[in-house]
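# Breakdown of the fold
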Amino acid sequence: GAVVSQHPSRVICKSGTSVKIECRSLDFQATTMFWYRQFPKQSLMLMATSNEGSKATYEQGVEKDKFLINHASLTLSTLTVTSAHPEDSSFYICSVSTYTGELFFGEGSRLTVL
Amino acid sequence: SQQGEEDPQALSIQEGENATMNCSYKTSINNLQWYRQNSGRGLVHLILIRSNEREKHSGRLRVTLDTSKKSSSLLITASRAADTASYFCATALTGTASKLTFGTGTRLQVTL
């Protein structure tokens, strides 16, 4: 498997500010990572596929200028929520794809925008 | 949408009983996976079953897949209080083996 570390686990910010969430693959060189969003008691919705060294692929309805993804190395992908608003408050989870097709998830980051 | 529907949405059982969760999906898949999520945490992979497989076991877990009905079930035998969590099925479409679409989830509560 793969060990995935996500930071921060919780963040509170003021409306209009930007927040960066890091996702690190600690023991696996991840060419592909996935970013999901989860609202309370709901399922995970795929936001984007993060590709090392190239642009992320965003799902329909996800604003790429709002949710900036950078995957500059095989061990790190970052998600930046720009000009955050209260409706962006959610649980953001990253995952690493391995050769077997299984996903290994970080512990998630709970964003609260005041 | 490919998103799977899970049934039931919530399940409450006593320790020692078996828990069965069902998942239905809409299109052809490469594989189907089950994940567990404790409240406020990340997801943990439980089991992967490929489209050419019909049943798979892992410890107290048994997963079945019926591609003709586009459905899968997860059975947890001899449940324990520690099994309390949300369980999600996730499907990988044919040709996109690792991009997963998650189902709506089943919240399982196991009481002593």
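For the structure, see preceding data.
What counts as what
- Along each chain, residue indices are assigned from 1 in the same order as the chain's sequence is written.
- By the order in which they are written, chains take letters starting at A while ligands take numbers starting at 1.
- Only residues with pLDDT of at least 70 are given local features in this predicted model, and only at 80 or more are side-chain atom pairs given and counted; all residues enter the totals for whole chains, interfaces and linings.
- Only hydrogens and water are removed before side-chain values are computed, so all heavy atoms of the structure are retained for them.
- Within this scheme, the nonpolar core is defined by two criteria: the residues are buried Ala, Val, Leu, Ile, Met, Phe, Trp, Tyr or Cys, and they are joined through side-chain atoms within 4.5 Å.
- Relative accessibility thresholds used throughout: buried, under 20% of the residue-type maximum; exposed, over 50%; partly exposed, between the two (1.4 Å probe, protein chains only).
- Secondary structure elements are taken from DSSP: a helix is a run of H or I of four residues or more, a strand is a run of E of two residues or more, and numbering for both begins at the N terminus.
- By definition in these notes, contact holds between two residues if any of their heavy atoms fall within 4.5 Å.
- The quantity reported as buried area is the accessible area (1.4 Å probe) lost by two parts once they are put together, taken as the sum for both.
- The salt bridge criterion pairs a side-chain nitrogen of Lys or Arg with a carboxyl oxygen of Asp or Glu, the two atoms within 4 Å.
- Contacts described as polar in this section are N or O atom pairs within 3.5 Å, which, within protein, must combine one atom able to donate a hydrogen with one able to accept it, while residues neighboring in sequence count only if both atoms come from side chains.

One finds Trp35(A), Phe67(A), Leu79(A), Tyr92(A), Val96(A) and Leu111(A) to be the most contacted residues of the largest nonpolar core, which totals 26 residues. Secondary-structure elements contributing two or more residues to this core are β2 (10-13), β3 (19-25), β4 (32-38), β5 (44-51), β7 (67-73), β8 (76-81), β9 (90-97) and β11 (109-113) of chain A. Setting aside residues no more than four positions away along its own chain, Tyr92(A) makes contact with Gln6(A), Ile21(A), Tyr36(A), Arg37(A), Met47(A), Phe67(A), Leu79(A), Gly108(A), Ser109(A) and Leu111(A). Ile29(B), Leu32(B), Trp34(B) and Leu65(B) belong to the second-largest nonpolar core, a separate cluster that totals 21 residues.

Take the environment of Ile76(B) next. Residue and element names in this part refer to chain B. Residue placement: isoleucine 76 occurs in strand β8 (residues 71-76). You can call isoleucine 76 buried: its relative accessible area is 2%. Sequence-distant contacts of isoleucine 76, defined by excluding residues within four places in its chain, comprise Glu17, Asn18, Ala19, Met21, Arg60, Leu61, Asp83, Tyr87 and Leu108.

Between chain B and chain A, the contact holds 20 residues from the first and 21 residues from the second. For the pair chain B and chain A, the two sides together bury roughly 1600 Å², of which 52% comes from carbon and sulfur. When the buried surface of chain B facing chain A is broken down by residue, Ser98(B), Lys99(B) and Phe102(B) rank first, second and third, together holding 29% of it. Between Glu107(A) and Arg41(B) there is a salt bridge; the shortest N-O distance is 2.4 Å. On inspection of chain B and its partner chain A, the count reaches seven residue pairs in polar contact (both at pLDDT 80 or more). Secondary-structure elements contributing two or more residues to the side of chain B that touches chain A are β4 (29-37), β5 (43-50) and β10 (100-102) of chain B. Per-element tally for the side of chain B that touches chain A: the top contributor is β5(B), with four residues.

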